[in-house]
Amino acid sequence: MLSSSSMASPSRPNYVLVSDIIRTPSLSSQRIKALSWFVDSNIIPSYSFPSLLKMAKQPQRKNHTLHCSASLHSTETLPRKDEISVHGVSEKIVGVLGGGQLGRMLCQAASKLSIKIAILDPLVNCPASSLAYYHMVGDFDDSNTVQEFAMRCEVLTVEIEHVDVATLEILEEQGIDCQPRASTIRIIQDKYLQKVHFSQHGIPLPEFTQIEDLEGAKKAGDIFGYPLMIKSKRFAYDGRGNAVAKSVEELSSAIFALGGFERGLYVEKWAPFVKELSVVIARGRDNSMACYPVVQTIHKENICHIVKAPASVSWEIKKLATDVAFKAVSSLEGAGIFAVELFLTEDGQILLNEVAPRPHNSGHHTIESCKTSQYEQHLRAVLGLPLGDPSMITPAAIMYNILGEDEGEPGFYLAHQLMQRALSISGAFVHWYNKSEMRKQRKMGHITIVGRSMSVVENLLSFTLDEASEKPAVERRVGIIMGSDSDFPVMRDAAKVLDTFGVPYEIKIISAHRTPAWMFSYASSAQERGIQVIIAGAGGAAHLPGMVASLTPLPVIGVPVRALTLDGLDSLLSIVQMPRGVPVATVAINNATNAGLLALRILGVADTDLLSRMSQFQEDTKKSVLSKAENLEKGGWDV
């Protein structure tokens, strides 16, 4: 057998044979066997030998295995930290406690930047396992295992907060870089302690109190009224750990369902919310913050079912929600992604529900809908890289959780049928978490659909979910409206232009004077329905363009229509003399063609293909004029 020295060459590192390790004095057969989890070959890089030997002499750990995605024959086999040269965005190994779907999507984001992700998870085939740089199989709530795992990483973070926080505190004392900080994990993983912390920082919350026996629960019911929300302090997520008592008679059964008082319980006053909102915020190591747009979450049996981005609420509510979320995250320590769940009440208040110190279900849509996904953002934050732009790159997105509808193979079949239907839709993105076991209500994947408006993506989602439904018709981008059919001979010129460019539109007769309620409804709902520009014909009184412009944030183009009296001049003057704050564009009298072209230019700002076609239209127009000039030059006035 070759010795390690005979294998050296200038072009490759020295290598050590496993047989050399076996001959090493002071190693028992049991310790030699313990090394087998680290290598899958009888040859390893020699620079790893000292660390392997050191590991072999350490007390033996239980219940862990290491799976490396890279070959152990390569020079990437966990070199010492001081031997790493930075050749990319970061050469630091990010250790993640947990290898579920959040860990999987972290690995996907890391791959784009060639960031190495190590995961610690008890399941050999957990969702993140096949994508991680390496995977140590072990419990992330086992102190010895977590400490050993942490020694292999430069930064330690979490994809689940239910970890051994005491171990994280020990690691921080030893100089291990934990992000977010152990203090934050300790606060968050106990929901009662979380509520106490945020109340001390002046953040609006539903009223709450701790309960230790049935008598205390009854007193809380007397104070807060019913229905009464009862929650477990720890290990509560995806609908677990919550129970609602609708009356004093239901208290005992609700408490029993949560495992009794020894589980650790508290109660919250029922929040009369009209919508559940969420704000995902990233905080960097330098305390810089990046806030994603406010989204609406819709829950089914206490599990996040649908996320709508952005939330359909007023700008004032969005600002209030962002301010509350910003204040909550500012009260915690450490870098990373934080998801802040909120209640919007009937009277316009924002109340904090809870915070997750990690990537979150309400941020899945960011992979396709935002400039920087929450997963890439988390890696940027914990590594100390500049935070990315969190703004949306699409007007609307909707995320649908694929939950197990049945056990075993029948459940897999239903999920795959759903995904196949989604794959037939433009703007739909399917994420499958590759979990080996199907259970009812288990999160197996998600679908994100992006589009021009919430109405568009909601219709596409409805088609995906309903096998009997027909695919939605093409959504209209331009609304052409007029007060009477007598205006149509003029207004159809705008439609002809849109037809030429293949832009879908709708034509409606809406009178500002005879059907004011219909006008109000049309203008108020136009944006939500996917309309992006409105062309309004202005006849005799010419009030339609201005009234519609006062009801919608969309651009409105008025077309003065020549009437029997005043020759259309009254309509033109009415449009151009709108009061400040209600802008209406206009074109020449009866020139609906220009109104159509102006609408196309407005749409072209966010549509490069349309803008390119508009440039070609201008070029064709120029060529037409030059051709006429040439003919005139050659043929004279008699041509």
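Refer to the structure printed above.
Residues numbered from 1 in each chain as written. Predicted model: local features only at pLDDT ≥ 70, side-chain atom pairs only at ≥ 80, totals over all residues. Heavy atoms only, no water.

With that settled, consider the overall build of the chain. Broken down by element type, the chain carries 21 helices and 25 strands. Counting the 639 residues in the chain, one finds 50% classified as buried. In the chain, 63% of the contacts between residues at least 6 apart in sequence involve partners at least 24 apart. Within the structure as shown, the chain displays about 30100 Å² of accessible surface, and the carbon and sulfur contribution to it stands at 53%. (Helix = DSSP H or I, 4+ residues; strand = E, 2+ residues; numbered from the N terminus. Buried < 20%, exposed > 50% of the residue type's maximum accessible area, 1.4 Å probe, protein only. Contact = heavy atoms within 4.5 Å. Areas by Shrake-Rupley, 256 points an atom, 1.4 Å probe, with all protein chains shown as cover.)

For the rest of this paragraph, the subject is helix α16 (residues 488-501). A rise of 1.5 Å per residue sets the reference length of α16, with its 14 residues, at 20 Å; its end C-alpha atoms lie 20 Å apart and thus fit the reference within 8%. Looking at the buried side of α16, the elements it contacts are β21 (478-482), β22 (505-509), β23 (533-538), β24 (556-560), α20 (592-604) and α21 (608-635). A positive phi of about 70° marks glycine 502, the residue just after α16. (Expected span 1.5 Å × (residues − 1).)

All right, on to unusual backbone geometry then. In this chain, tyrosine 226 is followed by proline 227 through a cis amide linkage whose omega measures 0°. Counting through the fold element by element, proline 227 comes out in the loop between α9 (214-224) and β9 (228-232). Omega for the bond connecting alanine 309 with proline 310 falls within 30 degrees of zero, at -5°, which places this linkage in the cis form. Turning to its location among the elements, proline 310 is positioned in the loop between β15 (303-309) and α11 (315-330). One non-glycine residue, asparagine 287, lies in the positive phi region at around 70°. Within the secondary structure, asparagine 287 sits in the loop between β12 (273-283) and β13 (289-291).

One can find threonine 345 in strand β16 (residues 336-345). One polar contact links threonine 345 to aspartate 347, side chain to side chain, over a distance of 2.4 Å. Setting aside residues up to four positions removed in sequence, threonine 345 forms contacts with Pro272, Phe273, Val274 and Leu351. (Polar contact = N/O pair within 3.5 Å; in protein donor to acceptor, adjacent residues only side chain to side chain.)

Once that is clear, we can look at a nonpolar patch on the surface. Together, Val244, Trp270 and Phe273 make up a nonpolar patch on the protein surface, roughly 230 Å² of accessible area in all. Along the chain, phenylalanine 273 falls in strand β12. Classification of phenylalanine 273 by relative accessible area gives partly exposed; the value is 32%. (Patch = residues over 30% accessible without salt bridge, like charges linked within 9 Å, V, L, I, M, F, W, Y side chains within 5 Å. Salt bridge = Lys/Arg side-chain N within 4 Å of Asp/Glu carboxyl O.)

Now for the nonpolar core. Counting 28 residues, the largest nonpolar core has Phe198, Leu277, Leu342, Ile350, Leu352 and Val355 as the members making the most contacts within it. Per-element tally for this core: the top contributor is α11, with 6 residues. Here isoleucine 350 is in contact with Pro204, Leu277, Ile317, Leu320, Ala321, Val324, Leu342, Phe343 and Leu344, once residues within four sequence places are set aside. (Core = buried A, V, L, I, M, F, W, Y, C linked by side-chain atoms within 4.5 Å.)

As a general point, the strands of a sheet are linked pairwise by backbone hydrogen bonds and lie either parallel or antiparallel. Taking strand neighbours across the sheet as the criterion, the 4 strands line up as β8-β11-β9-β10 in an open arrangement whose pairing is antiparallel. On the outer flanks of this sheet lie β8 (208-211) and β10 (242-245), each paired with one strand and no other. When strand polarity is set aside, the average angle formed by the axes of neighbouring strands in this sheet is 30°. As judged from the 4 bridges shared by β9 and β10, these two strands associate in the antiparallel manner. Along β10, the bridge assignment pairs lysine 231 with asparagine 242. Across the sheet, helix α8 (residues 191-200) lies against β8, β9 and β11 (265-269), angled at about 145° from β8, the strand it touches most. Those strands touched by α9 are β8, β9 and β11, and its axis lies near 165° from that of β8. (Pairing = 2+ DSSP bridges. Axes fitted to C-alpha atoms, helices over the stretch in contact; angles between N-to-C directions.)

This paragraph deals with the side chain of glutamate 91. Along the chain, glutamate 91 turns up in the loop between β3 (65-68) and β4 (93-97). Classification of glutamate 91 as buried rests on a relative accessible area of 18%. Separated by 3.3 Å, the side chains of glutamate 91 and lysine 116 make a polar contact.

A few words on α21. Between the first and last C-alpha of α21 there are 40 Å, a value that for 28 residues agrees with the 40 Å anticipated at 1.5 Å per step. The N-cap residue of α21 is aspartate 607: its side-chain oxygen and the backbone nitrogen of aspartate 609 are 3.2 Å apart.

This paragraph deals with the pattern of salt bridges. If you walk through the whole model with that rule in mind, you get 21 salt bridges. The shortest N-O distance in the salt bridge between arginine 477 and aspartate 607 comes to 3.1 Å. Separated by 130 residues along the polypeptide, arginine 477 in the loop between α15 (454-465) and β21 and aspartate 607 in the loop between α20 and α21 bring together distant segments of the chain. The class for arginine 477 is buried, based on a relative accessible area of 13%. Judged by its relative accessible area of 19%, aspartate 607 is buried.

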